[in-house]
Amino acid sequence: MNTPKTPQDAATAARSNAKAPAITRRSLLAGTTLLLAGLNVPKAFADTPSAAEAAFYIASSVLTDKRDLSPITSKRIFQILNADDSGFADKAIKLAVLAKANVTGTSLKMAAAAAGLDAIAMKIVSTWYTGTVETAHGPVVLAYKDALMYRPVADGLTVPTYCNNGPMWWTGLPPEVTRMPVNSPRVL
């Protein structure tokens, strides 16, 4: 049996006796998949909102009395309104400051009117409800399905689109049909 003569020999012997971790094909593929999935994060989720975007979201939540607004839709609305009005970011921040003391839509609307921000407050509310932003260059539709005006009737009516029950709804069987018809000759 060989005994190490120096501390370096002992360290070398210990390293050679240690087992290397086994990398299986499954763990390699799983790690690669996770790495690639992390690289393809959508930009809307990867970016943190600016102070003005966060202020706009707060003001929108209070003005509409809805605490579950979509952050992605909020960001899109803010970008369009900010591009249309160069001072919009400052107005959104002022509305968010007013929203701290006025926690309902009605009270914030009255506070905004007193501060001269009534037109901006109404533009924000109408944009969230209709899903359309009125700009100097014409209307911009950005949230048809997520427009707040459809929430009160969501339990009984679908959003009036060309596709009533979601994408590809017509590929399923119609009511009262139990099987697909035989397609002879096959044309589809």
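Please refer to the structure placed before this passage.
Keep in mind that this is a model prediction, so the values were computed, not measured. (Residues numbered from 1 in each chain as written. Predicted model: local features only at pLDDT ≥ 70, side-chain atom pairs only at ≥ 80, totals over all residues. Heavy atoms only, no water.)

Peer 1: Even after reading the chapter, I still don't get the nonpolar core, so can you show me in this structure?
Peer 2: For soluble globular proteins, the rule of thumb is that nonpolar side chains tend to be buried together. Phe56, Phe88, Leu95 and Ile124 are the most contacted members of the largest nonpolar core, which totals 26 residues. Those residues in contact with Phe88 that lie beyond four places of it in its chain are Phe56, Phe78, Leu81, Asn82, Ile120 and Ile124. (Core = buried A, V, L, I, M, F, W, Y, C linked by side-chain atoms within 4.5 Å. Buried < 20%, exposed > 50% of the residue type's maximum accessible area, 1.4 Å probe, protein only. Contact = heavy atoms within 4.5 Å.)

Peer 1: Mind showing me how you'd approach the pattern of salt bridges here?
Peer 2: Pairing is possible between side chains that carry opposite charge, provided their charged atoms lie close to one another. Taken as a whole and assessed by the stated rule, the structure comprises four salt bridges. A salt bridge links Arg151 to Asp68; its shortest N-O distance comes to 2.9 Å. Highlighted residues: Arg151 in the segment after strand E2 (138-141) and Asp68 in the loop between helix H4 (51-64) and helix H5 (71-84), separated in sequence by 83 residues. (Salt bridge = Lys/Arg side-chain N within 4 Å of Asp/Glu carboxyl O. Helix = DSSP H or I, 4+ residues; strand = E, 2+ residues; numbered from the N terminus.)

Peer 1: Mind showing me how you'd approach helix H6 (residues 88-101) here?
Peer 2: Side chains of residues three or four places apart in an α-helix project in the same direction, reflecting 3.6 residues per turn. Counted at 1.5 Å a residue, the expected span for H6 with its 14 residues is 20 Å, and the 21 Å between its end C-alpha atoms agrees. Where H6 is concerned, the buried positions are Phe88, Ala89, Ala92, Leu95, Ala96 and Ala99. The buried side chains of H6 occupy one side of the element, clustering within an arc of 120 degrees when seen end-on. Residues Asp90, Lys94, Val97, Lys100 and Ala101 are exposed on H6 and point more than 90 degrees away from its buried face. Taken together, the buried residues of H6 touch H4, H5, helix H7 (105-114) and helix H8 (118-130). (Expected span 1.5 Å × (residues − 1). Arc of directions from axis to C-beta.)

Peer 1: Could you clarify how one ought to interpret H4 in this entry?
Peer 2: Compared with the 20 Å implied by 1.5 Å per residue over 14 residues, the 20 Å span of H4 between its first and last C-alpha is a close match. Once H4 finishes, Asp65 follows within two positions and takes phi at roughly 60 degrees, a positive value.

Peer 1: Teacher, can you tell me more about the environment of Ala112 here?
Peer 2: Structurally, Ala112 is set in helix H7. For Ala112, a relative accessible area of 0% corresponds to the buried category. Along the backbone, Ala112 and Asn102 are ten residues apart, and their C-alpha atoms lie at a distance of 9.7 Å. For Ala112, the contacting residues outside a window of four places in its chain are Leu95, Leu98, Leu117, Asp118 and Ala121.

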